[in-house]
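Each chain, written out:
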Amino acid sequence: MFDGRRTRARATGAGTLRPVFVVFMGLTLVQMLSGCTFPTARPDLAPDIPPKYGAGKGESAPPALDWWRGFRSRELTNLIEEGQLANLDIGAAIGRIIQADAQAKIVGAALLPEVDFAGFAERFKNSGVPERNLFHAALNASYEIDFWGKNRAFSRAAQETAVASRFNKEVVVLSTMAAVGNAYFQVLSAQDRLRINQSNVDAASRILNLIKQRFEAGTASQLDVAQQESLVGQVRANIPIFDQALRQNIAVLAVLIGKPPVEVVVKGGNIYRLAIPRVTPGLPSELLFQRPDIRSAEANLASADASVEAARDAFFPTILMTVQAGYESNVLKLLFTPQNAFYNIALNVTQPLLDGFRLEGQLELAQGKQFELVKAYCQTILSGFGDVEIALIAIAESLERERLQQLVVNSSREAFRLSEARLREGTIDLVTVLQTQQTLFTAEDNYSLARLARLQAVLSLFQALGGGWMPPGAAAGVVQ
């Protein structure tokens, strides 16, 4: 039967491929039907988007993209912008973008034909045959026909990974900017606390001189002098602590802007001179488009979707077409003549039949990764909502704390002024003076810390919001 079929095929020419085509289509249909039995739908995205933030007013007033300028500090602005350019973590993130783009290019190469040139010159001699030459020059081309879309899915997965790398870089940029801002606030706070502490040393020393005068006049005891000397020593002992915090935070700033600490000089100033920018969170739904970590998780999820599609398509036949065309001759000068031309075209179909469940395992692996990234995406969204809520609560509470602490400082300063005046008049006991001193020192230090906490809360809100709204339709990066 098969001999007869081969005879008829030789006689009919083009009819040779008909039985092969029928078998091929049969296998294709079987695989298409079997491929449909594997579930590939993405799991549901579960997080509910609240209509507004619990600690917000639901206003939608987007902060500026250059939000750090709202603190009205030229030095802070310069440090943040220098960090954006010179920070080494950001540089490493850019390197990861380059790698992801290159990987997308490598994977996408499967969508294009592969062409190479093969040429050789050979001299050979067989027994009893004169010596002969053979010259060969040909182009070889191969192309996998992406009939099922497997290669396109792989390419799309790599492109989405490249997009995610861009958003990951924006996460690093935002974290660096927040770290620079926080370190600068710490520098200002340390400078202020140093000034407050030095002022307290001066005040305590002034009281000590009064007590010594009273001791010499016989109206104070040696115990009174010793107690005040102890208080002066306690206040003076805080100076190295604040100086250490100042110098260490300058070193942190230096690393963030990519410089050795010895090369960085921070002028600083007064923490109370920084402006407090007003920022509103807008609506929770807007957070999905402005936080780079959410956008990165979304791109990773899209990559996983494409990987599932590619793993499913791997069950279908692979169709590879190869073409070879060129010239071959025994005489070099006759190599490129029409009579020495040749070509060869082949179509290869490969259908996996038994692979020890390898393809099925690859599909399940891709689906498991997809499920993981769905949950990670939902968790990232919920974490974003939580970050904004926490920052809003911190802003409201730190504002109230600063207001109340300001009242404490005012009343404590007035109490200390009155106690010092009455001490000079000799109408007050030293215990009361010591209490008012310690109350004032503590109140001033707590007020400085309250101001620092408020600035840090505002900075945290900017970071939680993704650093500001992106322009409509803009993205962190799209593979071209």
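Not measured: the values here are computed from a predicted model. (Residues numbered from 1 in each chain as written. Predicted model: local features only at pLDDT ≥ 70, side-chain atom pairs only at ≥ 80, totals over all residues. Heavy atoms only, no water.)

**Considering the overall build of the protein**
For the protein, the helix and strand inventory stands at eleven helices and four strands. Counting all 480 residues of the protein, 39% fall into the buried class. Approximately 26800 Å² of the protein is accessible, and the part contributed by carbon and sulfur atoms is 59%. (Helix = DSSP H or I, 4+ residues; strand = E, 2+ residues; numbered from the N terminus. Buried < 20%, exposed > 50% of the residue type's maximum accessible area, 1.4 Å probe, protein only. Areas by Shrake-Rupley, 256 points an atom, 1.4 Å probe, with all protein chains shown as cover.)

**A closer look at the packing of aromatic side chains**
Each aromatic ring pair is described using two quantities: the centre-to-centre distance and the angle formed by the ring planes. All told, the structure shown has nine aromatic pairs when counted by the stated rule. Residues Trp67 and Trp68 carry aromatic rings whose centres are separated by 5.7 Å and whose planes lie at 80 degrees to one another, so their mutual orientation is edge-to-face. According to the relative accessible area criterion, Trp68 is buried, its value standing at 8%. Between Trp67 and Phe462 the ring centres are 4.9 Å apart and the planes differ by 20 degrees, which places this aromatic pair in the stacked class. In this pair, Trp67 sits in the loop between helix H2 (17-35) and helix H3 (74-86) while Phe462 sits in helix H11 (residues 430-464), placing the two residues 395 residues apart along the sequence. One exposure class covers both Trp67 and Phe462, and it is buried. Of the aromatic side chains, those joined through ring pairs into one cluster are Trp67, Trp68, Phe71, Phe185 and Phe462. (Phe/Tyr/Trp six-rings, centres within 6.5 Å; stacked < 30°, edge-to-face > 60°.)

**Notes on the side chain of Asn340**
Turning to its location among the elements, Asn340 is positioned in the loop between strand S3 (318-329) and strand S4 (341-350). A polar contact is formed between the side chain of Asn340 and the side chain of Ser329, at a distance of 3.5 Å. Residues in contact with Asn340, not counting those within four places in the same chain, are Gly326, Tyr327, Glu328, Ser329, Leu334 and Leu335. (Polar contact = N/O pair within 3.5 Å; in protein donor to acceptor, adjacent residues only side chain to side chain. Contact = heavy atoms within 4.5 Å.)

**What to know about the pairing of strand S2 (residues 132-145)**
Put simply, side chains in a regular strand alternate between the two faces of the sheet. The pairing of strand S1 (residues 114-124) with S2 spans eleven bridges and is antiparallel. Counted as the bridge partner of Ala121 is Phe135 from S2. Across eleven bridges, S2 lies against S3 in antiparallel orientation. Residue pairing across strands places Tyr143 opposite Met321, the latter belonging to S3. (Pairing = 2+ DSSP bridges.)

**Points about the confidence of the model for the protein**
Model confidence for the protein is summarised by a mean pLDDT of 84, while 86% of its residues fall at 70 or above. Contacts from residues 1-38, a stretch scored under 50 in pLDDT, to residues over four places away or in other chains number 18 contacts. Here residues 471-480 is a poorly scored stretch, pLDDT under 50, and it has 17 contacts once near neighbours within four places are set aside; other chains count. (pLDDT = per-residue confidence, 0-100.)

**Some remarks on a nonpolar patch on the surface**
Residues Ile145, Phe147, Met321, Val323, Tyr343, Ile345, Leu347 and Val349 make up a contiguous nonpolar surface patch of about 780 Å² in total accessible area. Looking at the nonpolar patch, the elements that each hand over two or more residues are S3 and S4. Of the residues forming the nonpolar patch, the biggest block, four residues, is contributed by S4. Mapped onto the fold, Tyr343 is located in strand S4. (Patch = residues over 30% accessible without salt bridge, like charges linked within 9 Å, V, L, I, M, F, W, Y side chains within 5 Å. Salt bridge = Lys/Arg side-chain N within 4 Å of Asp/Glu carboxyl O.)

**Details of the sheet that holds S4**
Read from one edge to the other, the open sheet built from four strands follows the order S1-S2-S3-S4, with strand pairing classed as antiparallel. The open sheet has two free edges, formed respectively by S1 and S4, since each of these has just one partner strand. The mean inter-strand angle of the sheet, taken between neighbouring strand axes irrespective of direction, is 20 degrees. (Axes fitted to C-alpha atoms, helices over the stretch in contact; angles between N-to-C directions.)

**Thoughts on the packing of helix H6 (residues 222-237) against helix H7 (residues 239-256)**
Relative to each other, H6 and H7 sit at 10 degrees, their axes nearing to 5 Å. Taken as axis vectors, H6 and H7 run roughly parallel relative to one another. Across the interface between the two elements, Val235, Arg236 and Ala237 from H6 touch Ile239, Pro240 and Ile241 from H7. Among the residues making up the contact of H6 with H7, the classes are represented as five nonpolar, no polar and one charged. (Parallel < 35°, antiparallel > 145°, perpendicular 65-115°, else oblique. Nonpolar A, V, L, I, M, F, W, Y, C, P; charged D, E, K, R; others polar.)

**Structural notes on the side chain of Ser448**
Among the secondary structure elements, Ser448 is positioned in helix H11. Among residues more than four places away in sequence, those in contact with Ser448 are Ser189, Asp192, Arg193, Ile196 and Tyr272.

**With respect to the nonpolar core**
By size, the foremost hydrophobic cluster in this structure holds 56 residues, and its most contacted members are Trp67, Tyr184, Phe185, Leu253, Val388 and Leu461. Sorting the residues of this core by element identifies H3, helix H5 (150-217), H7, helix H8 (284-290), helix H9 (292-313), helix H10 (358-425) and H11 as the ones contributing at least two each. At eleven residues, H5 tops the list of elements feeding residues into this core. The residues contacting Leu253, other than those within four sequence positions of it, are Leu79, Val180, Ala183, Tyr184, Val187 and Val266. One finds Ile207, Phe416, Ile428 and Leu430 within the second-largest nonpolar core, a separate group that totals 20 residues. (Core = buried A, V, L, I, M, F, W, Y, C linked by side-chain atoms within 4.5 Å.)

**Some points on the pattern of salt bridges**
A full pass over the atoms with the stated rule returns 24 salt bridges. The residue Glu170 makes a salt bridge to Lys169 at a minimum N-O spacing of 3.5 Å. When its relative accessible area of 29% is taken as the criterion, Glu170 is described as partly exposed. Of the charged contacts in the structure, one is a salt bridge between Glu420 and Arg424, with a shortest N-O distance of 3.4 Å. One end of the pair is Glu420 and the other is Arg424, both in helix H10 and four residues apart, which spans about a single turn.

**Description of H10**
Between the first and last C-alpha of H10 there are 95 Å, a value that for 68 residues agrees with the 100 Å anticipated at 1.5 Å per step. Looking one or two residues past H10, Gly426 carries a phi angle of roughly 80 degrees, positive in sign. (Expected span 1.5 Å × (residues − 1).)

**Things to note about the environment of Gln227**
Among the secondary structure elements, Gln227 is positioned in helix H6. Under the relative-accessibility criterion, Gln227 is labelled partly exposed at 35%.

**With respect to unusual backbone geometry**
In most cases, non-glycine residues show a negative phi, while peptide bonds are predominantly trans. A positive phi angle is found at Arg72, which is not glycine, with a value near 55 degrees. When its relative accessible area of 68% is taken as the criterion, Arg72 is described as exposed. Even without being glycine, Phe357 reaches a positive phi, approximately 65 degrees. Mapped onto the secondary structure, Phe357 falls in the loop between S4 and H10. Overall, the relative accessible area of 64% leaves Phe357 in the exposed class.

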